[in-house]
Structures are given as C-alpha cells and as structure tokens.
Amino acid sequence: MTTASNFDEFERVVARRGVRSGLPVIVAVHSSALGQAIGGCRLAPYPDWRDGLTDALRLSAAMTAKCAVAGLPHGGAKTVVALPPGTTLDTGLRRAVLHDVGDTIESLGGDYATGPDVGTGPDDMAVIGERTDHVFCRPVGAGGSGDSSGPTAEGVLAALAALAPVAGRRFAIMGLGRVGAHVARELAASGAELVVNDVDDSRRQLAAELGATWTDDILTAEADVLVPAALGGVLTAATVARLRCAEICGPANNQLDRPATADLLHERGILWAPDFVVSAGGVIHATGVELRGETEAEATARVRGIAGTLTRALDSARRRGITPLAAAHELARARIDSARQATMAA
Ligand code: PHE
C-alpha cells in the first residue's frame, strides 16, 4: 500500500497565472496527514515556470518531513512564484502578485497556510494577509509573530552546539542573508573561527566586522563544519568529492541535489545533519506563537529542542550504520504513519 508518507506523492498542486500580475503562482500541498499544511512563499527567478514547479514539489515534500520530525501538527506545502528571468518587481507588481498568492491560498479554504521564504518577508506577509487569514509571520504590529529568521537561526545554533561545543571550531558559512548573518554573529561571539562568503559582495563588510575570512570558494574551505545558508542544491556528486569539512549543518532547504548524495557524503565520512531537521526553528516558533498561544520563552525552548531531535537522528544513524537522511526520514515517516493509523481507527 502506498501512503502520503511516501515522499514522492502529493495531495494537491495548483498552478495558475495570477489574474492581477500575469505571473505564474504555484502552490504544492504535499501532505496534510498531520494537520494543516504549511510552507513559505518563495519569490525567485526561474528559467521556466516548470522549474519553479519542480522546486515547489521538492520544497513542499521537505516541509512535510520538517514538520513531522519537529513534532508539529502540520503537513508540508510550498508556494513558488516563478519569475521569468529579468523580471523587476516594482511596488505595484509586487503587491499584485502577493494578492494573487493570497487569493490562491484563500481558494484552498484553510488546508494550507503560508509564511516567508526566499525573496519574501514579514511586510509581504501583511500584503498576502489582505486576501487571506492563512498566513504566518506578519509584522508584530500587524498581528503576526514577525520575522522568522531569528528563530530559524536559533534552531541552527542549537543544532551546531549539539554537534560539539562551538568555541575554537572552524565554520565555513555559505550565505550571509538574514539567517546566515545571525548565525555568523552568534558563532563569532562564542569564540568560533569563521570563513564566509555571500553572492552579494557588500557582505564583506559584515565579514570584516566579525573578523571572518572571506573566501570565494566556500564549498571547499577547510573547516570543521560547513554551514549552507543560501540556496539549495549545493551538495552534488561533483561538489561532495571536493569538500574539505568534517560535518555539514545549516539551514538552506534542499541542500542535496538528490537523496543519493547522502550516501556519497556517508561514504566520504562527512556527517550531514539533515536540513529539514536543522531549519525548523521558523515554523516551530511561528506556529507555536500564532496558533498555540505559546509565549516567546516557550516557543524558544521548543526551537532549542532541535538539538535533541538532531542528536536522536544522528545516534540512530550511527548505531545502525545508515545515513542521517535515512534515519531522519524514518522518524518523519513513523510520525505520519501513526497519525494516519489514529485517523483511520477513529
Ligand atoms: N521558510 C520557512 C521554512 O522553510 C517557511 C515558514 C516559516 C512557514 C514560518 C511558516 C512560518 O521553514
């Protein structure tokens, strides 16, 4: 029997041309076996809208695993607005497409709620919120829990500390965006040694401030831990062969180009902390505060729980000689399957 915990099956995929913006809006709902499906709204250029669709499918499946492993009563989904290359979003077009996104989400009747992701932030969530209530992380003043990058970074820091005490360790941080910069600052303050890079050259200033070494080839930097904090797909057969780190642990979604790359890392003796375990801080915090009435302190404590979840997955992998990916997926599947059995029994 196949079930929704097979990560290659999807409950619903909606792709439509936004009536206001004319831009392709894609929503993939991977699973709602554990509850309302959640996942951010990505606004990014793609060579073709079909590439955006492929990305939405993969990202939504990762959200299912992320929520399940984190013990959240949520399934996984994702929105991708696939911008044709060269599109510039002026204020008017940006509002138009965010309203298109809001209408699309509203049409799903609450089965799915969105949040910020690559290319969007709290102010965009407020605009989506003009069309639907099913949106997380609006600014605090607009009734939301605000920017999720702080809690996501807290979760990453908890995961990194679970690997080993960070003082004196050398971290190669790929990407100094909102999450990466926060992680870099905290690590520097804790006495870690940093090598960093960002596609945006102006981030060199932050690197200098933190006493970090800037390098053009961050992937092959010699380090105890590589921290992918930019776009996904960076770990491939070709890049894994060139890595010079002992461990990989960071918040970028979908770091592996395909699941089999986890085996290559394993063979090279490089420990890979599954991205969907490490990056759950944002969703843990936003859903806790906005849906379950958790205080800031309670939500933060749950975000720090990522350390325990990661330790469990890595211990299980080590004990049984399987990859951390396999162990974490198993954890996710077990949660989903037991929820399904409970539903069927009811
Ligand atoms: N970008 C977030 C993630 O990948 C998505 C999100 C954050 C969704 C907060 C809801 C609330 O996990």
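Keep in mind that what you see is a predicted model, and the values were worked out from it rather than measured.

Caption draft 1: The state of the cysteines, seen in detail. Enumeration over the complete set of coordinates arrives at zero disulfides. Considering cysteine sulfurs only, Cys137 is the nearest to Cys67, which forms no disulfide, with 12 Å between them. By relative accessible area, Cys67 is classed as buried at 0%. There is no disulfide at Cys137, and the cysteine sulfur nearest it, in Cys41, is 12 Å away.

Caption draft 2: Local environment of the pattern of salt bridges. For the structure on display, the rule yields 20 salt bridges. Between Asp201 and Arg204 there is a salt bridge, and its shortest N-O distance comes to 3.2 Å. Overall, the relative accessible area of 39% leaves Arg204 in the partly exposed class. Arg318 is the salt-bridge partner of Asp315, the closest N and O atoms lying 3.1 Å from each other. With Asp315 and Arg318 both in helix α12 (residues 306–320) and three residues apart, this pair spans about one turn of that helix. Under the relative-accessibility criterion, Asp315 is labelled partly exposed at 33%. Among the residues examined, Arg318 registers a relative accessible area of 56% and is labelled exposed. Among the charged side chains, a network of salt bridges with common partners joins Arg42, Asp55, Lys78 and Asp117.

Caption draft 3: Representation of the side chain of His30 within the structure. Examined against the element boundaries, His30 turns out to sit in strand β2 (residues 24–31). At a separation of 2.6 Å, a polar atom in the side chain of His30 contacts the side chain of Thr64.

Cut-offs and rules
- Residues numbered from 1 in each chain as written.
- Predicted model: local features only at pLDDT ≥ 70, side-chain atom pairs only at ≥ 80, totals over all residues.
- Heavy atoms only, no water.
- Disulfide = S-S within 2.5 Å.
- Buried < 20%, exposed > 50% of the residue type's maximum accessible area, 1.4 Å probe, protein only.
- Salt bridge = Lys/Arg side-chain N within 4 Å of Asp/Glu carboxyl O.
- Helix = DSSP H or I, 4+ residues; strand = E, 2+ residues; numbered from the N terminus.
- Polar contact = N/O pair within 3.5 Å; in protein donor to acceptor, adjacent residues only side chain to side chain.

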